[in-house]
Protein chains: 2
Amino acid sequence: MKPEQILIQHDLRKTQGRIMVLQEFSKHDKALAHNELQHALAGKVDRVTLYRILDQFEKKGVLHKIPDDEVSVKYALCAHNHEIDHQHSDDHAHFKCNDCSETFCIDDFTIPNMKIPEGFKVTEKFLLLGGVCKKCA
Amino acid sequence: MKPEQILIQHDLRKTQGRIMVLQEFSKHDKALAHNELQHALAGKVDRVTLYRILDQFEKKGVLHKIPDDEVSVKYALCAHNHEIDHQHSDDHAHFKCNDCSETFCIDDFTIPNMKIPEGFKVTEKFLLLGGVCKKCA
DNA sequence: TCATTTACGCAACAAAGTTGCATAAATATT
DNA sequence: AATATTTATGCAACTTTGTTGCGTAAATGA
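Residues numbered from 1 in each chain as written. Chains lettered and ligands numbered in written order. Predicted model: local features only at pLDDT ≥ 70, side-chain atom pairs only at ≥ 80, totals over all residues.

Caption draft 1: Just the overall build of chain A, in detail. Looking only at helices and strands, chain A has four helices and six strands in total. Listed N to C, the secondary structure of chain A is α-α-β-α-α-β-β-β-β-β in terms of helices and strands. Within the span of chain A, comprising 137 residues, buried residues form 30% of the whole. (Helix = DSSP H or I, 4+ residues; strand = E, 2+ residues; numbered from the N terminus. Buried ≥ 20, exposed ≤ 12 C-beta atoms within 10 Å, placed from the backbone.)

Caption draft 2: View of unusual backbone geometry. All names here are of chain A. A positive phi angle is found at Asp-11, which is not glycine, with a value near 65 degrees. Looking at the secondary structure, you find Asp-11 in the loop between α1 (3-9) and α2 (16-26). A tally of 7 C-beta atoms within 10 Å means that Asp-11 is categorised as exposed.

Caption draft 3: Structural view of the relation of the copies chain A and chain B. Structural alignment of chain A on chain B gives an RMSD of 0.1 Å, achieved by rotating through 180 degrees and translating 0.0 Å along the axis. Read as a symmetry element, the transformation amounts to a two-fold axis. For chain A, the residue whose C-alpha comes nearest the rotation axis is Leu127(A), separated from it by 2.2 Å. Taken together, the interface assignments show that 100% of the residues at the interface of chain A recur at the interface of chain B, consistent with an identical surface on both copies. (Least-squares fit on C-alpha atoms with pLDDT ≥ 70 in both. Contact = placed C-beta atoms within 7 Å.)

Caption draft 4: A look at the protein's contact with DNA strand C. Around DNA strand C, the structure places 22 residues, and the nearest of them are Thr15(B), Gly17(B), Asp46(B), Val48(B) and Thr49(B). If you list the elements that add at least two residues to the surface near DNA strand C, you get α3 (34-40) and α4 (47-60) of chain A together with α2 (16-26) and α4 (47-60) of chain B. At five residues, α4(B) tops the list of elements feeding residues into the surface near DNA strand C. Its residues assigned to classes, the surface near DNA strand C shows seven nonpolar, nine polar and six charged. (Near = placed C-beta within 6 Å. Nonpolar A, V, L, I, M, F, W, Y, C, P; charged D, E, K, R; others polar.)

Caption draft 5: Region of the structure containing the interface of chain A and chain B. Facing 60 residues of chain A, the contacting portion of chain B comprises 60 residues. Mapped by element, the contributors of at least two residues to the side of chain A that touches chain B are β1 (32-33), β2 (63-67), β3 (73-77), β4 (92-97), β5 (103-110) and β6 (121-132) of chain A. With 12 residues, β6(A) is the largest single contributor of residues to the side of chain A that touches chain B. Taken together, the residues of the side of chain A that touches chain B break down into 35 nonpolar, 11 polar and 14 charged. With 11 bridges joining them, β6(A) and strand β6 (residues 121-132) of chain B adopt antiparallel strand pairing. Looking at β6(B), one finds that Leu129(A) is bridged to Lys125(B). (Pairing = 2+ DSSP bridges.)

Caption draft 6: Here's a closer look at the nonpolar core. By size, the foremost hydrophobic cluster in this structure holds 55 residues, and its most contacted members are Ala31(A), Leu63(A), Tyr75(A), Ala31(B), Leu63(B) and Tyr75(B). For Ala31(B), the contacting residues outside a window of four places in its chain are Lys74(A), Tyr75(A), Ala76(A), His94(A), Thr103(A), Phe104(A), Cys105(A) and Ile66(B). (Core = buried A, V, L, I, M, F, W, Y, C linked by C-beta atoms within 7 Å.)

Caption draft 7: Representation of the protein's contact with DNA strand D. Around DNA strand D, the surrounding shell holds 22 residues, and the nearest of these are Thr15(A), Gly17(A), Asp46(A), Val48(A) and Thr49(A). Secondary-structure elements contributing two or more residues to the surface near DNA strand D are α2 and α4 of chain A together with α3 (34-40) and α4 of chain B. The element contributing the most residues to the surface near DNA strand D is α4(A), with five residues.

Caption draft 8: Geometry of the confidence of the model for chain A. All names here are of chain A. In the predicted model, chain A carries a mean pLDDT of 81, and the fraction of residues at 70 or more is 82%. The least confident element of chain A, judged by mean pLDDT, is β3 at 72; the most confident is α2 at 94. Segment residues 83-89: pLDDT under 50, and nine contacts once partners within four positions in sequence are set aside and those in other chains are kept. (pLDDT = per-residue confidence, 0-100.)

Take a look at the structure:
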């Protein structure tokens, strides 16, 4: 779909910056981080404007966020450091409450095996669930 | 398990800082971000030291990282903006290559429904797979 | 107790993210 | 088509987060 169409469909003004951001996405077919876009559009779109464009796009449903595992993470004790060893696996899910923004390990849950597209070799799995926790319910 | 024991088991020197970090974890039973620990241990453990303690702990398997969905994210076009609409669902998995660190949407995969512990209400799911992609294989 | 290794704290820096505000550009109105 | 209104942009200044180097202090081993 053309950038202009996407903008109209999502009730967004068509501006140069937004169109260029959408063009970047359509020519890559992979997820892009803020700084990647920033470099790609250096001199064309302001850094702050880019933050605001991405925020808008997410709010309106044009883009979706994907948590990244490199920076801004939380840490939890590995299971085998607890008194009772829950099978020593870190393939468990994590639950993050959108209210209190606390994150818990869901120890008694193992990420199911699944079919992955041809050619990809999976060595790590992060399943992050969002919602409302007991306390905040 | 006591902090000192954990350190010995993982081949780490027992220092005041490390012990205090482990104590923080054991008194919370939830995942902690760097800045939470920083506040909790303000004046006791240096900010940089804390980064290094966490790195060490992760390397030695004392702690594990959990990607956080608030900051340092990547963005991808929502499925319904593509020419062919793949069922309009964002409950799909993402694959991040540890070599080239590119992230792809795995469109033809839906996160399976699963039993979540009592009291938690799940509204969002992020499944992030790590490994090696086609290009880098 | 002394030598060696490793961790710590501090300073300085780089990168990432936020806020406020004046200006420019996009839509709406006549 | 010109003007008014709304919204987005760019810039400056700032805060937060993460990194690197290095001298000192603390922990282990002899």
